[in-house]
Amino acid sequence: MKLLHIQVSPDLAGSASRNASARLVEKLRAQHSDLEETVLDLAQHPLPHLDAFTIGAFFTRPEDRNDAQRAAIQTSEKMVDQLFACDTLVISSPMWNLGLPSVLKAWFDHITRAGRTFAFTPEGTKVGLVSGKKVYSVVASGSVFAHGPFVQDDQFTPYIRVALEYIGITDVEFIRVDGTHDPVSRDTALPQALQAIDRLF
């Protein structure tokens, strides 16, 4: 198994999402002795946000790109190649202000590429080009979003699901570390998430 493990939280030691995804990878490794893990730590190595020149290079035909354009898309090309190379993807992230941290959104911007990860049919329909991947999305949130009054405020899980489906990935499992700052749930949020991971395997 080739595993791409994307880590997002800047809290390198005490992060609930990092702790939960570490348990998940441990379980996967126990099942797959040949597991090869590639870690993409966006907190320690954030990707550049897209600029006009890079976007222009994306939409230039490969054979027409000049050296500067090829250099501009090098990071994106690497991210897309990493995605295609993996069998399993683990996205480990906090939810910030109801949605994605910008470093994770930047990753999606780099890998959502016309002609590489999705294409258009002659009729104009979009078709995802990335298939056969299993995704585990570990999301830690300060409030409880799985149920209760804040369910409709969750912009993280819908985005992840739709953005992955856009490029052809539909096998997505969410593991929530829900309510890490809620006085009712903060002591049980991580233990319950770890138990949920243990039940998966």
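Residues numbered from 1 in each chain as written. Predicted model: local features only at pLDDT ≥ 70, side-chain atom pairs only at ≥ 80, totals over all residues. Heavy atoms only, no water.

To continue, consider the overall build of the protein chain. Helix and strand content of the protein chain: seven helices and seven strands. When its helices and strands are written in sequence order, the protein chain yields β-α-β-α-α-α-β-α-β-β-β-α-β-α. Taken against the 2.2 N^0.38 rule, which gives 17 Å for 201 residues, the C-alpha radius of gyration of the protein chain at 18 Å falls within 12% of a compact globule. Dimensions of the protein chain, computed from the C-alpha atoms along their principal axes, are close to 55 × 40 × 35 Å. The proportion of buried residues among the 201 residues of the protein chain is 43%. Taking the average place of the 19 positive charges on the side chains of the protein chain and the average place of its 24 negative ones, the gap between the two points comes to 2 Å. (Helix = DSSP H or I, 4+ residues; strand = E, 2+ residues; numbered from the N terminus. Rg over C-alpha atoms; globule rule 2.2 N^0.38 Å. Buried < 20%, exposed > 50% of the residue type's maximum accessible area, 1.4 Å probe, protein only. Lys, Arg positive; Asp, Glu negative; His and termini not counted. Charge placed at Lys NZ, Arg CZ, Asp CG, Glu CD.)

For the rest of this paragraph, the subject is the pattern of salt bridges. Summed over the entire model, instances satisfying the criterion amount to 15 salt bridges. In this structure, Arg23 engages Asp198 in a salt bridge whose closest nitrogen and oxygen atoms are separated by 2.9 Å. Of the two residues, Arg23 is situated in helix H1 (residues 16–31) and Asp198 in helix H7 (residues 189–200); the sequence distance between them amounts to 175 residues. Given a relative accessible area of 24%, Arg23 falls into the partly exposed group. In this structure, Glu37 engages Arg29 in a salt bridge whose closest nitrogen and oxygen atoms are separated by 2.9 Å. The structure contains a network of salt bridges with shared partners spanning Glu77, Asp81, Arg113 and Arg116. (Salt bridge = Lys/Arg side-chain N within 4 Å of Asp/Glu carboxyl O.)

It is worth spelling out the sheet that holds strand E3 (residues 88–94) at this point. Reading across from one edge, E2-E1-E3-E6-E7 is the order of the five strands in this open sheet, with parallel pairing throughout. For this open sheet the edge positions go to strand E2 (36–41) and strand E7 (171–178), each flanked by a neighbour on one side alone. This sheet shows a mean twist of 15° between the axes of neighbouring strands, independent of strand direction. Of the strand pairs in this sheet, strand E1 (residues 2–7) and E3 are connected by five bridges, and their pairing is parallel. In the sheet register, Gln7 faces E3, and the bridge partner there is Ser92. Across the sheet, H7 lies against strand E6 (134–141) and E7, angled at about 150° from E7, the strand it touches most. (Pairing = 2+ DSSP bridges. Axes fitted to C-alpha atoms, helices over the stretch in contact; angles between N-to-C directions. Contact = heavy atoms within 4.5 Å.)

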